[in-house]
Amino acid sequence: MGSRLVIDAGNTRTKWAVLQYENGAILHHGVMDRHEVPAAWHGCDAVAVANVAGQGRHDMLTELLKPLGLPVRWHASTAHACGLSNGYATPEQLGVDRWAAMVGAWQHYQRSCVVVNAGTALTVDMIEKTSPGQARFIGGIIVPGVKLMQNSIANAAANIGEIHGVFQDFPLNTQDAVYSGSLYALAGAVDNLVQLLSEHCGHVVPCMLSGGDAATLLPLLQKHVFAREYQLEDYLVLQGLWYLERELP
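Note on numbering: residues in each chain are counted from 1, in written sequence order. Where local features are concerned, this predicted model is filtered to residues with pLDDT of at least 70; where side-chain atom pairs are given and counted, the filter is 80 or more; whole-chain, interface and lining totals use all residues. Only hydrogens and water are removed before side-chain values are computed, so all heavy atoms of the structure are retained for them.

**Concerning the packing of helix 3 (residues 146-156) against helix 4 (residues 174-201)**
Where we set the bar: Fitting a line to C-alpha atoms yields each axis, with helices limited to the stretch in contact; the angle taken between N-to-C directions then spans 0 to 180 degrees. Going along the chain from the N terminus, every DSSP run of H or I of four or more residues is numbered as a helix, and every run of E of two or more is numbered as a strand. Under this scheme an angle from 65 to 115 degrees is roughly perpendicular, one under 35 degrees roughly parallel, and one over 145 degrees roughly antiparallel; angles in between are oblique. Take the far helix as your reference; a near helix turned counterclockwise from it by less than a right angle gives a left-handed crossing, and one turned clockwise gives a right-handed crossing. Should any heavy atoms of two residues lie within 4.5 Å, those residues are considered in contact.
Close contact between helix 3 and helix 4 brings their axes to 9 Å; oriented N to C, the two are set at 130°. The orientation of helix 3 with respect to helix 4, classified from their angle, is oblique. In this structure, helix 3 meets helix 4 at a crossing whose hand is right-handed. Mapping the contact onto sequence places Val 146, Met 149, Gln 150 and Ile 153 in helix 3 and Val 178, Tyr 179, Ser 182, Leu 183, Ala 185 and Leu 186 in helix 4.

**Details of the pattern of salt bridges**
Side chains that carry opposite charge are capable of pairing whenever their charged atoms lie near each other. For the record, the criterion: The term salt bridge refers to a pairing of a side-chain nitrogen on Lys or Arg with a carboxyl oxygen on Asp or Glu at a separation within 4 Å. Only protein chains enter the calculation, and the probe is 1.4 Å; a residue is then buried if its accessible area is under 20% of its type maximum, exposed if over 50%, and partly exposed in between.
Taken as a whole and judged by the stated rule, the model has seven salt bridges. The closest approach of N and O atoms between Asp 125 and Arg 98, which form a salt bridge, is 2.5 Å. Highlighted residues: Asp 125 in strand 9 (residues 121-131) and Arg 98 in helix 2 (residues 96-109), separated in sequence by 27 residues. Taking the shortest distance from any N to any O, the salt bridge between Arg 136 and Glu 128 comes out at 3.0 Å. Given a relative accessible area of 15%, Glu 128 falls into the buried group. One salt-bridge network, held together by shared partners, links Arg 4, Arg 73 and Glu 245.

**Describing the packing of aromatic side chains**
This is how the line gets drawn: Aromatic rings from Phe, Tyr and Trp, taking only the six-membered ring of Trp, are treated as a pair when their centres fall within 6.5 Å; an angle between ring planes under 30 degrees marks them as stacked, one over 60 as edge-to-face, and anything in between as tilted. Two conditions define a charge located above a ring, namely a distance within 6 Å from the ring centre to NZ of Lys or CZ of Arg, and an angle within 35 degrees of the ring normal.
Scanning the entire structure with this criterion turns up four aromatic pairs. The interplanar angle of 80° and the centroid separation of 5.8 Å between the aromatic rings of Trp 16 and Trp 41 together place this pair among those described as edge-to-face. Linking Trp 16 in strand 2 (residues 14-20) with Trp 41 in the loop between strand 3 (26-31) and strand 4 (46-51), this pair joins segments that are 25 residues apart in sequence. In this structure, Trp 16 and Trp 41 share a single accessibility class: buried. Arg 246 extends its terminal NZ or CZ atom over the ring of Tyr 21, reaching a point 5.1 Å from the ring centre.

**A word on the packing of helix 2 against helix 6 (residues 236-247)**
Formally: Under this grouping Gly is polar, as are all residues other than the nonpolar Ala, Val, Leu, Ile, Met, Phe, Trp, Tyr, Cys and Pro and the charged Asp, Glu, Lys and Arg.
It is at 7 Å that the axes of helix 2 and helix 6 come closest, and there the two elements cross at 80°. Relative to helix 6, helix 2 is oriented roughly perpendicular. Side by side, helix 2 and helix 6 meet where Asp 97, Trp 99, Ala 100, Ala 101, Val 103, Gly 104, Ala 105 and Gln 107 of the first sit next to Leu 236, Val 237, Gly 240, Leu 241, Tyr 243 and Leu 244 of the second. Its residues assigned to classes, the contact of helix 2 with helix 6 shows 10 nonpolar, three polar and one charged.

**Things to note about the side chain of Thr 123**
Among the secondary structure elements, Thr 123 is positioned in strand 9. For Thr 123, the contacting residues outside a window of four places in its chain are Arg 98, Val 115, Val 116, Asn 117, Ile 141 and Ile 142.

**Some points on helix 1 (residues 55-65)**
Which entries qualify depends on this criterion: As used here, the arc belongs to the directions running from the helix axis to the C-beta atoms.
Among the residues making up helix 1, those that are buried are Arg 57, Met 60, Leu 61, Leu 64 and Leu 65. All buried residues of helix 1 lie within an arc of 125° about the axis, which places them on one face of the element. Seen from the open side of helix 1, the exposed residues pointing more than 90 degrees away from its buried face are Gln 55 and Gly 56. Among the structural elements, strand 1 (3-9), strand 2, strand 4 and strand 5 (72-74) are those in contact with the buried residues of helix 1.

That is the geometry; function is a separate question.
Next comes the structure, spelled out in structure tokens:
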């Protein structure tokens, strides 16, 4: 069986995985921290990239991948893929990481669901199942992530400085209040859209979370909302890329 290198170039981190092409099993994975080719990349048949980090990251990856001599596909959002229709006003302007994550979640659930990517920004996207094997992206939100929220307060208010708080149900100092407030705000945004889509569909929908801050948000969501189905998936964008690759020639 062949293997496919998939790369998720985000604003904060560049994650990668080598997936078995036939069944999507993850053979190797990692986060790029140096401009070096990991040994696991050698022997792959092709490369698929979702890049939302701009031209600089595109150029860096191009140079890094060139010695491998592999065909590289730079993915972009489309109007339809893998049974999912893209309802964005201009489909190609939807962030490709959001699109790949939604494709991955839809293929996993095959039912209406909410898809969360908790990174530099928090995106919360809603998928409505329309018929067996078919669904559509009906809308989503983008809000600042945990660090951006904290930095916005630190930069706008005097005498706060860098935020090094810890989460508390009942914060009693400024550092904890800012950090806990940021997490509460993000958890509230997620839960509100899960509730909105559940009401729209007439039943409780599941929610899949990915991204660097997803593991931090998950316990807060599970702690305070018992009727929801929340699931953490670290490699959602990468798995979505695999599904997109499987559909294309």
